[in-house]
Every structure is written in structure tokens, then in C-alpha cells.
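Architecture and fold: a report
Chain by chain, the residues run as shown.
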Amino acid sequence: MRTASSVRRYRDEPVSDEIIDTCLRAASWAPSGGNQQPWKFVVLRAQSLREVVTAAARKTWDVMTEFYSISMDDHDADDPKSRVLRTMAEHMRVGGAAPVLVLFCVQPQRGTTELQQGGSIFPAVQNFLLAARAQGLGAAITLWHGSCEDELRSMVGIPDDWKIATLLTVGWPRGRHHTVRRKPLSEVATIDRWDSSWQTR
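Criteria and thresholds
Residues numbered from 1 in each chain as written. Predicted model: local features only at pLDDT ≥ 70, side-chain atom pairs only at ≥ 80, totals over all residues. Heavy atoms only, no water. Helix = DSSP H or I, 4+ residues; strand = E, 2+ residues; numbered from the N terminus. Rg over C-alpha atoms; globule rule 2.2 N^0.38 Å. Buried < 20%, exposed > 50% of the residue type's maximum accessible area, 1.4 Å probe, protein only. Contact = heavy atoms within 4.5 Å. Areas by Shrake-Rupley, 256 points an atom, 1.4 Å probe, with all protein chains shown as cover. Lys, Arg positive; Asp, Glu negative; His and termini not counted. Charge placed at Lys NZ, Arg CZ, Asp CG, Glu CD. Pairing = 2+ DSSP bridges. Patch = residues over 30% accessible without salt bridge, like charges linked within 9 Å, V, L, I, M, F, W, Y side chains within 5 Å. Salt bridge = Lys/Arg side-chain N within 4 Å of Asp/Glu carboxyl O. Phe/Tyr/Trp six-rings, centres within 6.5 Å; stacked < 30°, edge-to-face > 60°. Axes fitted to C-alpha atoms, helices over the stretch in contact; angles between N-to-C directions.

**Things to note about the overall build of the protein chain**
Counting its secondary structure elements, the protein chain contains 7 helices and 4 strands. Written out in order from the N terminus, the α and β elements of the protein chain read α-β-α-α-β-α-α-β-α-β-α. Relative to its length of 201 residues, the protein chain is compact, with a C-alpha radius of gyration of 18 Å against a globular reference of 17 Å. Out of the 201 residues in the protein chain, the part that is buried amounts to 40%. Considering only residue pairs separated by 6 or more positions, the protein chain has 79% of its internal contacts joining residues 24 or more positions apart. Accessible area for the protein chain stands at about 12600 Å²; split by element, carbon and sulfur atoms hold 50% of it. Of the charged side chains in the protein chain, 25 are positive and 23 negative, and the gap between their average positions amounts to 6 Å.

Here it is in C-alpha cells:
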């Protein structure tokens, strides 16, 4: 878990069906509300689907750079923020050409809020990510589907009463896995009250 950071750069090497099967099986072991397992995992292979995803990824990057006023002028900058931005830019430029693409979909259960619906799909996403990391793969969660949802729904045949939760890119990392950077527990965990910080013993 400590080294399952998002990986957005992949080597140009195929990932076997057996390895993806292991990750999908791990996803299917996740908990869900009432054990209803209201999920569908769609591996996208068709070139036509990949092209739709690539266009959506590039559109997403264009929107992000404008909204956040992101500048990529200094190509030699070596600070952490600049490195992350370059990685993100490359990830979205490659888009659907990533070695593996997987859509995670959920069928909302009656009477559940959108947040509760997420509780029945994102544990499966996390299981997939951890299984991928255990085999040396890298992966990243994207929201690119938001820029091409109508096309994906039509081309994949996703029923109207299902929601797309996320799209994962997966592949063999170009580089190495990194330890995740997170806030200290004293900032995110409390005892009894919101402002009573958890103190590590």
C-alpha cells in the first residue's frame, strides 16, 4: 500500500490476459452494499474505443491547463510540482494508448445516495490497484470518461441505469514505484471530537 502510488508512464510492453484476470478477480472480491456486487468491469481493447478515450484525455488536459492556469514553459524545471505536471501532461497526451484500459461501472441501488453508491464500486477499484501493484504493474485513476461519456455509453452498450465510476490506465511502469506522500495521522485522525488529534503512541 505504501508504494501503490499513481503511475502514469508505462513501458511499451503488453500485459498478459492472465495478469489482468488476476486483477479483475481481486476487484470482484471487494465488499459492496448488501453484497449486491452491482459492478461491471469493462476492459477496453478496440482501437475505436481507445481513440475516443485519447480525445477525451487531451480535452481534459486542455480544460485543466486553462482552469488552473497551468504553464508548461519551463521544460527543465526539476521541482516536484513541475515533474508531476510533465507526467500528467504525458499521461493525457498518450491517453487511450496506455497498455490497458478498464472502465469500472456501478448500478445504483434503490434508496442510496451517490456517495453510498461509490462505496459499492471504489473498494473494487482499490482491490484492482493493489493486485496490480503486487504484480509490479502501475496504474492510475482517471476521470476522462466525463469528456466522452455519451460516446462510450453508446459504443460499449452501457445501460442507462448504470453509472461509470472511473477509468483506469494500467501498464508496466517506466521507472520505479514511489512511496506515497500523505499527511501525518495527527492531521487526519481524531479521538471523540473533530479537533482532538490522534496521537501516535
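**Quick look at the pairing of strand β3 (residues 138-142)**
For β3, a buried count of 4 out of 5 residues is recorded, marking the element as mostly surrounded by other parts of the structure. Alignment of β3 against strand β4 (residues 163-171), held across 5 bridges, turns out to be antiparallel. Bridge pairing in β4 links Ala140 to Thr169.

**Some words on a nonpolar patch on the surface**
Residues Leu185, Val188, Ile191 and Trp198 make up a contiguous nonpolar surface patch of roughly 350 Å² in combined accessible area. Inspection of the secondary structure puts Trp198 in the segment after α7 (185-188). The class for Trp198 is partly exposed, based on a relative accessible area of 32%.

**Let's talk about the pattern of salt bridges**
All told, the structure shown has 7 salt bridges when counted by the stated rule. A salt bridge links Glu13 to Arg11; the nearest nitrogen and oxygen atoms lie 2.8 Å apart. Since its relative accessible area comes to 34%, Arg11 is described here as partly exposed. In the salt-bridge network here, residues are joined through shared partners; they are Arg9, Glu90 and Arg174.

**Let's talk about the packing of aromatic side chains**
Considering all chains together, one arrives at 3 aromatic pairs under this definition. For the pair Phe104 and Phe128, a centre-to-centre distance of 5.7 Å together with 85° between the ring planes defines the contact as edge-to-face. Remark: Phe128 occurs in helix α5 (residues 122-134) and Phe104 occurs in strand β2 (residues 100-106); sequence separation between them is 24 residues. Under the relative-accessibility criterion, Phe104 is labelled buried at 0%. Judged by relative accessible area, Phe128 falls into the buried class, the value being 0%.

**A look at the sheet that holds β2**
Pairing is antiparallel in the open sheet, where 4 strands are placed in the order β1-β2-β4-β3. Each edge of the sheet is formed by a strand with only one pairing partner; in this case those strands are β1 (39-43) and β3. Neighbouring strand axes in the sheet, compared pairwise and without regard to direction, differ in orientation by 25° on average. The strands touched by α5 are β1, β2, β3 and β4; relative to β4, the strand with the most contacts, the crossing angle is about 5°.

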